[in-house]
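# Structural overview
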Amino acid sequence: MPTTSHRTRFLDHRIPSLYAGQYLISVEQNIDTVATLTTRQQHFGVRGPRFSLGGSEIHGCYPVPGAVGKYSQILPHITLDAAGLPWARLLGSSGDGVPWVALLLFREGELPEDPQAVGEVTVSTVRQLLDRAAGPGKPPTITDGSLMDGEAELACSSILVPANVFATIRPTVAELALLAHIREGGPPDADHVRGTDPEPQLSDLNATVVSSRFPAATAGRHVAHLVSLEGMHQYLTGTPPSEGLRLVTLHAWAFETLHDTGIGFGDLVQHLAAEPDLALRVPLASGSADGDAIERLRSGATAMAQRLESGERSVSFYRGPLTADPAQRLPAPAAPRLESAGEALIYLKQWGIFDTGYASAFSLGRTLALADAPFRDRLLEFRKVARRAARRIGAHPDLIAGRSVEAAGRAVLENQARHAFDQLLETRLSGALGRSGADLAAAPIRPAARATRGNGALTAAGLRATVAQAETRAVLRAAVAEELDPVQEWLNRLVALEMLPFEHLVPDPRMLPPESIRFFYVDEGWLRAAVDGALSVGVGHALDADLNTLALEVSATPACGVLIRSALVPNWPRTIYSAFRGEQQIAPSRQANFGNGVLLLLYPEVIDTFTIAEPPQGLYFGVGDVGTIQMRWLTGNIGSPIDDGEFPEPAGFGRFLRPSGDVLDIENKLLPELAAAHGMSTLSPAQFALQMIRAPQIQTFDRS
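Since this is a predicted model, take the numbers as computed values, not measurements.

Reading the values: rules and limits
Residues numbered from 1 in each chain as written. Predicted model: local features only at pLDDT ≥ 70, side-chain atom pairs only at ≥ 80, totals over all residues. Heavy atoms only, no water. Salt bridge = Lys/Arg side-chain N within 4 Å of Asp/Glu carboxyl O. Buried < 20%, exposed > 50% of the residue type's maximum accessible area, 1.4 Å probe, protein only. Helix = DSSP H or I, 4+ residues; strand = E, 2+ residues; numbered from the N terminus. Axes fitted to C-alpha atoms, helices over the stretch in contact; angles between N-to-C directions. Parallel < 35°, antiparallel > 145°, perpendicular 65-115°, else oblique. Contact = heavy atoms within 4.5 Å. Pairing = 2+ DSSP bridges. Arc of directions from axis to C-beta. Polar contact = N/O pair within 3.5 Å; in protein donor to acceptor, adjacent residues only side chain to side chain. Phe/Tyr/Trp six-rings, centres within 6.5 Å; stacked < 30°, edge-to-face > 60°. Lys NZ or Arg CZ within 6 Å of the ring centre and 35° of its normal. Core = buried A, V, L, I, M, F, W, Y, C linked by side-chain atoms within 4.5 Å. Left-handed = near helix turned anticlockwise from the far one by under 90°.

### Description of the pattern of salt bridges
Under the definition given, this model contains 25 salt bridges. The partner of Arg510 in a salt bridge is Asp508, and the shortest N-O contact between them spans 2.7 Å. We classify Arg510 as partly exposed; its relative accessible area is 48%. Sharing partners across several salt bridges, the network here consists of Arg107, Glu110, Arg213 and Asp662.

### Structural notes on unusual backbone geometry
Note on backbone geometry: most residues besides glycine have negative phi, and most peptide bonds are trans. The amide bond that connects Phe647 to the next residue, Pro648, takes the cis arrangement and shows omega of 0°. With respect to the helices and strands, Pro648 occurs in the loop between β31 (641-647) and α18 (666-677). Put simply, Glu649 and Pro650 share a cis peptide bond, and its omega is 0°. Along the polypeptide, Pro650 turns up in the loop between β31 and α18. With a phi angle near 65°, Leu497 is a residue other than glycine that sits in the positive phi range. Of note in this structure, Glu515 is not a glycine but carries a positive phi near 55°.

### Quick word on the packing of α18 against helix α19 (residues 685-692)
Running from N to C, α18 and α19 cross one another at 80°; their axes reach a closest spacing of 12 Å. What the angle tells us is that α18 and α19 run roughly perpendicular. In this structure, α18 contributes Ile666, Leu670, Leu671 and Leu674 to the contact, and α19 contributes Phe688, Gln691 and Met692.

### As for the environment of Ala341
Relative to the helices and strands, Ala341 resides in the loop between β19 (322-323) and β20 (346-348). The spacing of Ala341 and Phe362 is 21 residues in sequence and 5.6 Å in space, taken between C-alpha atoms. Those residues in contact with Ala341, other than ones at most four positions away along the chain, are Ala359, Phe362 and Ser363.

### With respect to the pairing of strand β13 (residues 180-184)
Burial analysis of β13 places 5 of its 5 residues in the buried class, which makes it a mostly covered element. Neither face of β13 is exposed, since Ala180, Ile182 and Glu184 on one face and His181 and Arg183 on the opposite face are all buried. In this structure, strand β1 (residues 9-11) lies alongside β13, joined through 3 bridges in antiparallel fashion. Within β13, the position partnered with Phe10 by the bridge is Arg183. The sheet contact formed by β13 and strand β14 (residues 205-210) spans 5 bridges and is antiparallel. Counterpart to Ile182 in the pairing with β14 is Ala207.

### A few points about the sheet that holds strand β8 (residues 74-75)
Here we have 3 strands laid out as an open sheet, ordered β8-β29-β32, and antiparallel in their pairing. The sheet is open, and its two borders are formed by β8 and β32 (693-694), each paired with just one other strand. As defined by bridge partners, β8 adjoins strand β29 (residues 620-622) across 2 bridges and the pair is classed as antiparallel. Counted as the bridge partner of Leu75 is Phe621 from β29.

### Looking at α18
Residues of α18 that are buried: Ile666, Leu670, Leu671, Leu674 and Ala675. Here the buried residues of α18 occupy an arc of 120° about the axis, which is enough to place them on one side. Every exposed residue of α18 that faces more than 90 degrees away from the buried side is listed here: Asn668 and Ala676. Each element contacted by the buried residues of α18 is listed here: α3 (173-178), β30 (629-632), β31 and α19. Here α18 starts with a cap whose side-chain oxygen sits 3.2 Å from the backbone nitrogen of Asn668, and that cap is Asp665. The first or second residue beyond α18 is Gly679, which carries a positive phi of 70°.

### Points about the packing of aromatic side chains
Following the criterion strictly, the structure yields 14 aromatic pairs and no others. Arranged with centres 6.2 Å apart and planes meeting at 15°, the rings of Tyr577 and Phe610 form a pair that is stacked. Within this pair, whereas Tyr577 is found in strand β24 (residues 576-581), its partner Phe610 is found in strand β28 (residues 609-613), the two being separated by 33 residues in sequence. Like Tyr577, the residue Phe610 is buried in the burial classification. The structure contains a cluster of three or more aromatic residues connected by ring pairs, namely Tyr62, Tyr71, Phe255 and Tyr620. The cationic tip of Arg89 hangs over the ring face of Trp100; the distance from NZ or CZ to the ring centre is 5.7 Å.

### What about the environment of Ile74?
Along the chain, the position of Ile74 falls in strand β8. A relative accessible area of 3% places Ile74 in the buried class. Considered as a pair, Ile74 and Pro63 are 11 residues apart in the sequence and their alpha carbons are 8.7 Å apart. When sequence neighbours within four positions are dropped, the list of residues in contact with Ile74 reads Tyr62, Pro63, Arg213, Phe214, Pro215, Tyr620, Phe621, Gly622 and Arg694.

### Observations concerning α19
Counting buried residues in α19 gives 7 out of 8 residues, a clear majority hidden from the surface. Where α19 is concerned, the buried positions are Pro685, Ala686, Phe688, Ala689, Leu690, Gln691 and Met692.

### Quick word on the nonpolar core
Ranked by size, the top nonpolar core spans 61 residues in total, and within it Trp490, Leu491, Leu494, Leu500, Trp526 and Leu563 carry the most contacts. Ranked by residue count, the leading element in this core is helix α7 (residues 373-395), at 8 residues. With 60 residues, the next largest nonpolar core counts Leu53, Ile58, Val248 and Trp253 among its residues.

### Re the packing of α7 against helix α12 (residues 470-479)
Interhelical geometry of α7 versus α12 gives an angle of 135° and a closest axis separation of 10 Å. With respect to α12, the axis of α7 lies oblique. Once α7 is placed against α12, the crossing between them reads as right-handed. Residues Ala386, Ala389, Ala390 and Ile393 of α7 form the contact with α12, whose own contacting residues are Thr472, Val475 and Leu476.

### Here we look at the side chain of Ser228
Within the secondary structure, Ser228 sits in strand β15 (residues 220-228). Residue Ser228 is classed as buried on the basis of its relative accessible area, which comes to 6%. Side-chain polar atoms of Ser228 contact the backbone nitrogen of Glu230, separated by 3.3 Å. The residues contacting Ser228, other than those within four sequence positions of it, are Arg50, Trp100, Val101, Leu247 and Val248.

### Some thoughts on the sheet that holds strand β26 (residues 590-594)
If you trace the 5 strands from one edge of the open sheet to the other, you get β19-β22-β23-β27-β26, paired in antiparallel fashion. In this open sheet, the two strands that pair with only one neighbour each are β19 and β26. Judged from the 5 bridges that link them, β26 and strand β27 (residues 598-603) form a sheet pairing that is antiparallel. Looking at the pairing, Arg590 lines up with Leu602 of β27.

See the structure below:
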């Protein structure tokens, strides 16, 4: 399959030259044996976001604000445009590389001031917050001397976090460093040589802060808060005060989770690919004997009850336009025109039963045409105009002689009496207008002109012979284009399977059971029989049947397709389905849903590769549907998936959770085992992020 390479690099952090805060510079100068100069001191401050963030600082959040979906296997994250913001301040004595912010996730009922988890916060000034006037809870320990000018009067938002909730979800200092990193994205690097590591483009850098808590598997609302830990770092390890903590929240957003049964995108597509036979046919027992009947079943036919015209009941084979194997070409003539359903019946003498596939196609096409009154009217009008045009061509072959097809088509439909009068004025009276009455009286009388009808053209046989000529048919198409176009549009819909009932496409439910995918070919002969059935409506004589050939130049029938009956269809409506023939991607000629659980894809060419890709939501963090992550190389071909590199073995992230059951214990459980799987003692923040990235999953089907 064709691939496109894009560059996404992960960097550990961005340590500032000076952390935000108040500074004092002291300058001492001492000249030996001469004098000691006065010490000079200068106060200055390095400003940066502290108690609030502007909306322009937020690049994006996931899950997106207000989203509703199944998120129990993802770790929410927030992306900031200011790449160095998480490391702009020093968090106590934690040292370089430890962010002063954290992303905390709360469920309904956990925040006393926001029990519905909709994002409610308490707004106050910084002074009110530090003076405990913003509400209950221990405020951050921030001295007045560390405040910048005017900072105490700024507005800030805060939340009350109960002590037990904070103790359950708080990250450790080591985890804080692992849960924040810098991501460099940008346009595809077609000329970038892997391993050369060019300098990062500052405009492409974003800081990402990740939560270590999974949303609940049960339905409910959640709210995520990017909180400041300045003045709270002592509670990352110690016991939080019983009154709870009043944390400064820099940004918050809410989303809603749906009940998660534990069956996700990956489980469903793996199940689809696990079946041994993906052709659209009734499953056959292994070791079925060869024979004509078994061969028909293998091709996609099924046995059905049949009532004969005599009233007897029997069994027959039926197959719709979708086949498990390429359909055989119909016998000569290569394009027979069916005039009745009986002509299309195939009698299997060995079994004494009929194959009714093509006969049913003819009957279905005729039934659909009869049921569509506007189409019937247009079909009859097309034939009426075409018959008139054919008779005029037969009676006046000079109308099309020496003219272009378009001009001839217009001439055929002209008012012949008016045309004859115009010719009379032009050829006979033009010279007479300037002559005297005596001259006109003496002029000889000319015999009346007679229409030429050569070779019996106006007889039934002559008209059919005229219509059979390629030149005549081209003129007729041009003459009746206005009436013919709506007829062909309807027939184009028919050959695209738009009007066919689903029961004719999949006559036996065993062909497409729940949670299955089936590949098929399209039988052009079956659709041609349906078109013949539709055009048989209103045929009064052989000329009408001949004129039907003008309507047969419809769109090419699809070559193959895919049917999917799965929860993927309603629950992942933005799933990406791609088909390829060799290296070329083939766009579907039609995509349609039957109900809310069946998807039909038709392709104009036979495909050899088909992929189902999870809807891309951008890069986010989490665990796959089967309880694993895809490990990626940390050396050499950095970032590429490791073949057979599913982690952990056996599958299941449950053993990496804290006793609370939804928060990752990264420092003590996950990190040591994940690093050991790479043969390393530990992982950096960028390396950890690279492993926890959950890229959209993809399942590939190859035609062997």
